[in-house]
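This is what each chain is made of:
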Amino acid sequence: MPFDPRLGLDLYVPADDRYERMPYRRCGRSGLKLPAISLGLWQNFGDDRPLANSRAILRRAFDLGITHFDLANNYGPPYGTAEINFGRIFAEDFHRLRDELVISTKAGYDMWAGPYGEWGSRKSVLASLDQSLARMRLEYVDIFYSHRFDPDTPLEETMGALDTAVRHGKARYVGISSYGPRRTEEAVQILRELGTPLLIHQPSYSMINRWIEAELLDVLAREGVGAIAFSPLGQGLLTDRYLDGVPDDSRVRRGLHFSESLITPENLARVRALGEIAMRRGQTLAQMAIAWVLRDERVTSALLGASSVTQLEQNVAALERLDFEPSELAEIDRYAVEGGINIWEQSSSS
């Protein structure tokens, strides 16, 4: 690997075969394709983790064909540091590759003090985008999201702010996250009338959080909107991580949006049963959970985090076995039931 004396580090040269490793899916009825697995920077990219680790994960992700990196204004910890750290790595490793990347960020959850630091007002949304671009050292993001539905702001105002971001050249596309079916339909119509079509919806979705199957997926398919499923591993429950207790380095112990109260005996029993099915398929439970989310052609991409290069590689290996026999899906359905883990339900049920 060549050395860059200006930066004082090895110059990143991506793998030549990166686009042979990853399937890409069209996002709704748009012209944009996303990798079947995208990398989320919600956890593990803040100042509580070494920058070298974050850099290694991002480099390996791109080598594996992951072209989409997903952020939000308050990712960290502390707030904003995921974007700051990503911005530094982007400037040093990925700047010349900008046109090969899809970079997204969001606004809507609490970010700064006072009445304008969260929710969906025009002032808050556009100020947040300007701050995010500065932290990431970018002129624009490819996708800018409303991170949650704001019940106290007219939807026309929030969607109008997204439209403005595109018209001012600060975003290429717009999306929404954790909106329910009715609000999604309304957002689609408002944006269509404004001339900035809704590209994508980012809902939580996993084998133990199946709320989008009742209506939302049908709405997205009908309206030509893509879906990128976040937390397909149920925030770590759909792994072997919690089967023998709560590890000291887990998100539960670190206080990162996951309560120990969600690790119920019922959920653990279902996880063990699903793990046995995965073993018969020749996969880890995590790999089967990723493949299961991607079984539906309406899901454009599965959005995954990673705390290490090894974990990233293990997750991407899920793509080696995406097919399911009808009998496997029927057996999975016996245990893949709601586990009470949808901590974003308030937004999606408004």
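Read on for an overview of the structure. (Residues numbered from 1 in each chain as written. Predicted model: local features only at pLDDT ≥ 70, side-chain atom pairs only at ≥ 80, totals over all residues. Heavy atoms only, no water.)

## Topic: the sheet that holds strand β7 (residues 102-107)
Then comes step 1: Spatially, eight strands are ordered β5-β6-β7-β8-β9-β10-β11-β12 in a closed barrel, and the strand pairing comes out parallel. Across this sheet, the average inter-strand angle for adjacent strands is 30°, counted without regard to direction.
Then comes step 2: In terms of strand pairing, strand β5 (residues 37-40) meets strand β12 (residues 301-304) through three bridges, oriented parallel. When the bridges of β12 are listed, Ser38 appears paired with Leu303.
Then comes step 3: Lying over the sheet, helix α4 (residues 155-167) contacts β8 (141-146) and β9 (171-177), oriented at roughly 155° with respect to β9. (Pairing = 2+ DSSP bridges. Helix = DSSP H or I, 4+ residues; strand = E, 2+ residues; numbered from the N terminus. Axes fitted to C-alpha atoms, helices over the stretch in contact; angles between N-to-C directions. Contact = heavy atoms within 4.5 Å.)

## Here's the deal with the packing of aromatic side chains
Then comes step 1: The tally for this structure, following the rule as stated, stands at eleven aromatic pairs.
Then comes step 2: A network of ring pairs unites the aromatic residues Tyr12, Phe62, Phe69, Phe86, Phe90 and Phe94 as a single cluster.
Then comes step 3: A cation over a ring is seen here: Arg281 above Phe324, with NZ or CZ 3.9 Å from the ring centre.
Then comes step 4: Stacked on the ring of Trp292, the Lys or Arg Arg295 has its end atom at 3.8 Å from the ring centre. (Phe/Tyr/Trp six-rings, centres within 6.5 Å; stacked < 30°, edge-to-face > 60°. Lys NZ or Arg CZ within 6 Å of the ring centre and 35° of its normal.)

## Details of helix α10 (residues 309-316)
Then comes step 1: Those residues of α10 not exposed but buried are Leu312, Asn315 and Val316. An end-on view of α10 places all buried positions within 95° of arc, on one side of the element.
Then comes step 2: Among the structural elements, β5, α1 (51-63), α9 (285-293) and β12 are those in contact with the buried residues of α10. (Buried < 20%, exposed > 50% of the residue type's maximum accessible area, 1.4 Å probe, protein only. Arc of directions from axis to C-beta.)

## A short note on α4
Then comes step 1: Relative to the 18 Å expected for 13 residues at 1.5 Å per residue, α4 spans 18 Å between its end C-alpha atoms, a close match to the ideal helical length.
Then comes step 2: Of the residues making up α4, those classed as buried are Leu155, Thr158, Met159, Gly160, Ala161, Leu162, Asp163, Thr164 and Ala165.
Then comes step 3: Next to the buried residues of α4 lie α3 (122-136), β8, β9 and α5 (181-194).
Then comes step 4: In the stretch just after α4, Gly169 is the one whose phi turns positive, near 75°. (Expected span 1.5 Å × (residues − 1).)

## Some remarks on the packing of α4 against α5
Then comes step 1: Where α4 meets α5, the axes come as close as 10 Å, and the angle between the chain directions of the two elements is 45°. The angle between α4 and α5 places the two elements in the oblique class. Between α4 and α5 the crossing geometry is right-handed. Along the contact surface, α4 presents Leu155, Glu156, Met159, Gly160, Asp163 and Arg167, while α5 presents Arg183, Glu186, Ala187, Ile190, Leu191 and Leu194.
Then comes step 2: Across the contact of α4 with α5, the residue classes break down as six nonpolar, one polar and five charged. (Parallel < 35°, antiparallel > 145°, perpendicular 65-115°, else oblique. Left-handed = near helix turned anticlockwise from the far one by under 90°. Nonpolar A, V, L, I, M, F, W, Y, C, P; charged D, E, K, R; others polar.)

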